[in-house]
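Survey of secondary and tertiary structure
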Amino acid sequence: MRDEVAEVLSGGVRLPLVLVGVIGVCWAVAGLFGVSGVHTSAAYHLFVMVLLAVGLYGSTRGIPLEELRGNVGVVVLAVTVGVLAKTALIAGVMYLVDSRPVSVVLGVAVAQIDPLSVAATMDRRMSGRAKAILSAWAAFDDPVTVLLVVYLSAFALGTPGVLSAGLADFGTSLLLNAGYAVVVAGLWLLLRSRLPGWLVLLAALAALAVAATQGLMLGVALAGLVVRPFEGEPRVEKAVERTMTGALLLAGVALGVVLAGVVGSGSLGLLLKGMLLGVAAFGAQMLIGSLIAIRLPRYDRWCLALSQQNGLTAIVLALLLEPSFPGTVTVVAPAIVVTYLLFTAGAHILDRIPTSLPVVP
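Note on numbering: residues in each chain are counted from 1, in written sequence order. Only residues with pLDDT of at least 70 are given local features in this predicted model, and only at 80 or more are side-chain atom pairs given and counted; all residues enter the totals for whole chains, interfaces and linings. Side-chain numbers come from the whole structure's heavy atoms, not from hydrogens or water.

From N to C terminus, the protein includes 16 helices and zero strands. Accessible area is worked out with a 1.4 Å probe on protein chains only. A residue is then buried under 20% of its type maximum, exposed over 50%, and partly exposed in between. Expressed as a percentage of its 361 residues, the buried residues of the protein come to 50%. Computed with the Shrake-Rupley method and a 1.4 Å probe, the accessible areas treat only the protein chains shown as cover for residues. Carbon and sulfur atoms provide 70% of the accessible area of the protein, an area that totals close to 16,100 Å². A run of H or I in DSSP counts as a helix once it spans at least four residues, and a run of E counts as a strand once it spans at least two, with each numbered from the N terminus.

Now the structure itself:
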């Protein structure tokens, strides 16, 4: 029993199901006590930004750099053209249902692949190259979608900088994110061997705090490629995994509490819209994933095509967007459940493929 619990808490295959349960329980408890309006407070915004920073750092921190170097071209194609194409496809479907600009924002919010869930459930018999591509894709599409949400939400509202801490200019934001990453990585390389472990940890937390308050999410993701305290130490690696899982479950708690305050008698249409959003996201990944992996073996192409699953980033973006776009969490929450169900069905299909299918190591 203890081993099964450990598997769940370390990001095992049942983690998405646990997340759905956490959301449902917190929704019910918050509704019972009449909790509402949580998402309008400044503390809520800071809490969600910290969760986003932790998630982005954790996603890039775990990428094997030697595998990334050999697949840079494919990964860059996936997180630029691939993310934009997925967003366009999802937004196009949603626009047919709701012609408001918010449909574009919703398309971006679920366009990324959750690295925590994918790493735990989709490696199977994939080739080493396919695993590297999927891992890097899932890690780097998160900061790209965050930036897209920032500026497309500004477009949808007709006002600058909804989530960007006052940075209305895209170029300026990119420069500040790059500057943050360079400074943090430089200080890390310069001081890592000269500081005690507790001070290194304290400095890392301070850097995350700066990023969370200033909206430098791309910078956090870039810094994660270099800043890797205690890498290779099993206990620390396990603690990082549990921190990531804890951040995901805390995001689920926040989503459940917010849902209790915003879901009302007129929310059935939003729930149905969310189900459509989930189907659109999965369908877009099937198309774009197949094209991105067109030169990979057939089994690898299937794995990338069926890899859509949303998690921490989608939840956090929904929580951040709710104050500006009421109803966002009511749409995104069922979309996450739908992508999980479709992902699980796809996994069962892959499991039924004969083991004799040739796979490139």
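The next point concerns the side chain of Asp98. Structurally, the position occupied by Asp98 is in the loop between α5 (72-97) and α6 (102-109). The class for Asp98 is buried, based on a relative accessible area of 13%. In this analysis, two residues are considered to be in contact whenever any of their non-hydrogen atoms come within 4.5 Å of each other. The contacts of Asp98, once residues within four sequence positions are left out, are Ser103 and Lys273.

Let's shift gears to the packing of α5 against helix α8 (residues 128-157). It is at 8 Å that the axes of α5 and α8 come closest, and there the two elements cross at 50°. One way to sum up the angle between α5 and α8 is to call them oblique. Viewed along their axes, α5 and α8 form a crossing whose handedness is right-handed. Judged by residue contacts, Val74, Val75, Ala78, Val79, Val83, Leu84 and Thr87 of α5 engage Arg129, Ile133, Ala136, Trp137, Phe140, Asp141, Val144, Thr145 and Leu148 from α8. Here the nonpolar group is Ala, Val, Leu, Ile, Met, Phe, Trp, Tyr, Cys and Pro; Asp, Glu, Lys and Arg are the charged ones; every other residue, Gly included, is treated as polar. Each residue belonging to the contact of α5 with α8 can be placed in one class, and the counts come to twelve nonpolar, two polar and two charged. Where helices are involved, their axes are fitted lines through C-alpha atoms of the stretch in contact, as for all axes, and angles between N-to-C directions lie from 0 to 180°. Each angle gets one of four labels, with under 35 degrees taken as roughly parallel, over 145 as roughly antiparallel, 65 to 115 as roughly perpendicular, and the rest as oblique. A crossing counts as left-handed when the near helix is turned anticlockwise from the far one by less than a right angle, and as right-handed when that turn is clockwise.

Counting through the fold element by element, Ile23 comes out in helix α2 (residues 15-32). Taking the relative accessible area as the measure of exposure, Ile23 reaches 11% and is therefore buried. The spatial distance from the C-alpha of Ile23 to the C-alpha of Val258 is 9.8 Å, given a sequence separation of 235 residues. The contacts of Ile23, once residues within four sequence positions are left out, are Gly252, Leu255, Gly256 and Leu259.

Below, the discussion takes up the side chain of Thr313. As for its placement among the helices and strands, Thr313 is situated in helix α15 (residues 312-321). A polar contact of 2.6 Å, which involves the side chain of Thr313, links it to the side chain of Asp142. Aside from chain neighbours lying at most four places away, what touches Thr313 is Leu52, Gln112, Asp142, Thr145 and Val146. In protein, a polar contact means a hydrogen-donor-capable atom and an acceptor-capable atom, both N or O and within 3.5 Å, with residues adjacent in sequence counting only if both atoms are side-chain atoms; elsewhere, any N or O pair within 3.5 Å suffices.

Looking now at the nonpolar core. Ranked by size, the top nonpolar core spans 68 residues in total, and within it Ile90, Met217, Leu255, Leu277, Ile315, Val316 and Leu319 carry the most contacts. The contact partners of Val316, leaving out residues within four places of it in the chain, are Val48, Leu51, Leu52 and Ala251. By size, the runner-up hydrophobic cluster in this structure holds 28 residues, among which are Ile113, Leu225, Ala293 and Phe343. Residues enter a nonpolar core if they are buried and are Ala, Val, Leu, Ile, Met, Phe, Trp, Tyr or Cys, with the set joined through side-chain atoms within 4.5 Å.

Turning our attention to the confidence of the model for the protein. Low-pLDDT stretches of the model should not have their predicted coordinates read in fine detail. Looking at the protein, pLDDT values average 79 and 83% of them are 70 or higher. For residues 1-12, every residue scores under 50 in pLDDT, and the model assigns this stretch 16 contacts once sequence neighbours within four places are set aside. Taken as a whole, residues 160-168 scores under 50 in pLDDT and shows 24 contacts with residues more than four places along the chain or in a different chain. A residue's pLDDT is simply how confident the predictor is in it, with values from 0 to 100.

Within the fold, Gly278 resides in helix α13 (residues 268-292). For the pair formed by Gly278 and Gly107, sequence separation is 171 residues and the distance between their alpha carbons is 9.7 Å. When near neighbours in sequence (up to four residues on either side) are disregarded, Gly278 contacts Ala335, Val338, Thr339 and Leu342.

Another point: a nonpolar patch on the surface. A contiguous nonpolar patch, built from Val25, Val29, Leu32, Phe33, Val35 and Val38 and spanning about 570 Å² of accessible area, is present on the exposed surface. Take Val29: it is sitting in helix α2. The patch calculation keeps residues exceeding 30% relative accessible area without a salt bridge and links them within 9 Å when they carry like charges or within 5 Å when they are nonpolar (Val, Leu, Ile, Met, Phe, Trp, Tyr). What counts as a salt bridge is simple: a side-chain nitrogen of Lys or Arg found within 4 Å of a carboxyl oxygen of Asp or Glu.

Right, let's get into helix α3 (residues 42-61). Here, expected helix span is obtained from the residue count minus one, scaled by 1.5 Å. Here α3 is 20 residues long and its end C-alpha atoms lie 29 Å apart, about the 28 Å a rise of 1.5 Å per residue gives. Among the 20 residues in α3, 14 count as buried, and that is most of the element.

As a further point, take the pattern of salt bridges. Applying the stated criterion across every chain, the model contains two salt bridges. In this structure, the salt-bridge partner of Arg100 is Asp98, at a minimum N-O distance of 2.7 Å. Through salt bridges with shared partners, a single ionic network connects Asp98, Arg100 and Lys273.

This part takes up α6. In terms of residue burial, α6 counts as a mostly covered element, since seven of its eight residues are buried. Turning to α6, its buried residues are Val102, Ser103, Val105, Leu106, Gly107, Val108 and Ala109.

Right, let's get into the packing of α6 against α8. For the pair α6 and α8, the least separation of the axes is 9 Å and the interaxial angle reads 170°. Between α6 and α8, the interaxial angle falls into the category roughly antiparallel. Contact residues: α6 offers Val102, Val104, Val105, Val108 and Ala109, while α8 offers Thr145, Leu148, Val149, Leu152, Ser153 and Ala156.

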